[in-house]
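Listed below, chain by chain, are the residues.
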Amino acid sequence: MKTYGTEPGAPTPVQVGISELVVSDGDDTLKSYGLGSCLAIALYDPNSEIGGLAHVMLPDGDAADNSDRKPGKYADTAIRALLRRMVEQGANYTAVEAKIAGGSDMFEFESFGDGVGQRNIAAAKTELEKLGVPLEGEDVGGEHGRTVEFTPGTGTLTVKTADGDNGVTEL
């Protein structure tokens, strides 16, 4: 397995941008920067070491016209797309586990009810439950941004918070 750090010649983590998803066989570290109300969804099969990371923006792709073109944009469609791609690469559907991070309420808009962050969290949890994928760890909510690194080979999701208090959490 590759290790990543600041040493010269170290491989660069694979960046997963907003509305994107990436599946890996465990040899890569997947990284998403600047999660505010967005949610990072990490799925992995601990036996095959195949996993994926999605950086979702919105909760409900089933109601959107473009969810088939950008499944990573929505919590529900991103989870289904990750699972499908992981199984295509050899993951066992029944062994897949999930971890999530993000979903902050960065701004207060009382007239809109629950913020996008809370709706993203709820949509992801609903879809995972519907598909029978256990949620093994989460670092969600609050009012601070996060950056995540996910290593499919170990299933470790490292969360760095921008609030200055919590620092780094490993899920």
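Basis of the calculations
Residues numbered from 1 in each chain as written. Predicted model: local features only at pLDDT ≥ 70, side-chain atom pairs only at ≥ 80, totals over all residues. Heavy atoms only, no water. Helix = DSSP H or I, 4+ residues; strand = E, 2+ residues; numbered from the N terminus. Expected span 1.5 Å × (residues − 1). Buried < 20%, exposed > 50% of the residue type's maximum accessible area, 1.4 Å probe, protein only. Arc of directions from axis to C-beta. Contact = heavy atoms within 4.5 Å. Axes fitted to C-alpha atoms, helices over the stretch in contact; angles between N-to-C directions. Parallel < 35°, antiparallel > 145°, perpendicular 65-115°, else oblique. Left-handed = near helix turned anticlockwise from the far one by under 90°. Pairing = 2+ DSSP bridges.

(A) Fine view of helix H2 (residues 116-131). For H2, which comprises 16 residues, the first-to-last C-alpha distance of 22 Å matches the rise-based estimate of 22 Å (1.5 Å per residue) to within 8%. Restricting attention to buried positions, one finds in H2 the residues Gly117, Asn120, Ile121, Ala123, Ala124, Glu127 and Leu128. Taken down its axis, H2 places every buried residue within 165° of arc, on the same side. In this structure, H2 carries Thr126, Glu129 and Lys130 as exposed residues pointing more than 90 degrees from its buried face. For H2, the secondary structure elements touched by its buried residues are strand S4 (39-45), strand S5 (50-56), helix H1 (75-88), strand S6 (97-102) and strand S7 (135-140). Downstream of H2 by one or two residues, Gly132 has phi in the positive range, about 75°.

(B) How the structure looks around the side chain of His55. Turning to its location among the elements, His55 is positioned in strand S5. The class for His55 is buried, based on a relative accessible area of 1%. Here His55 is in contact with Val16, Gly17, Ile18, Ser19, Glu20, Ser32, Tyr33, Leu35, Cys38, Leu39 and Gly72, once residues within four sequence places are set aside.

(C) Summary view of the packing of H1 against H2. Taken N-terminus to C-terminus, the directions of H1 and H2 make an angle of 40°; their axes are 8 Å apart at the nearest point. With respect to each other, H1 and H2 are oriented oblique. As H1 packs across H2, the resulting crossing turns out to be right-handed. Touching Ala75, Asp76, Ile79, Arg80 and Leu83 of H1 are Asn120, Ala123, Ala124, Glu127, Leu128, Lys130 and Leu131, all from H2.

(D) Quick look at the sheet that holds strand S2 (residues 21-24). With mixed pairing, the five strands of this open sheet are ordered in space as S2-S5-S4-S6-S7. With partners counted over all chains shown, the strands left at the sheet margins are S2 and S7, one partner each. Put simply, the sheet's adjacent strands are angled 10° from each other on average, direction ignored. In terms of strand pairing, S6 meets S7 through five bridges, oriented parallel. Directly across from Lys99, in S7, lies its bridge partner Gly137. Set on the sheet, H2 makes contact with S4, S5, S6 and S7; between it and S4 the angle comes to about 20°.

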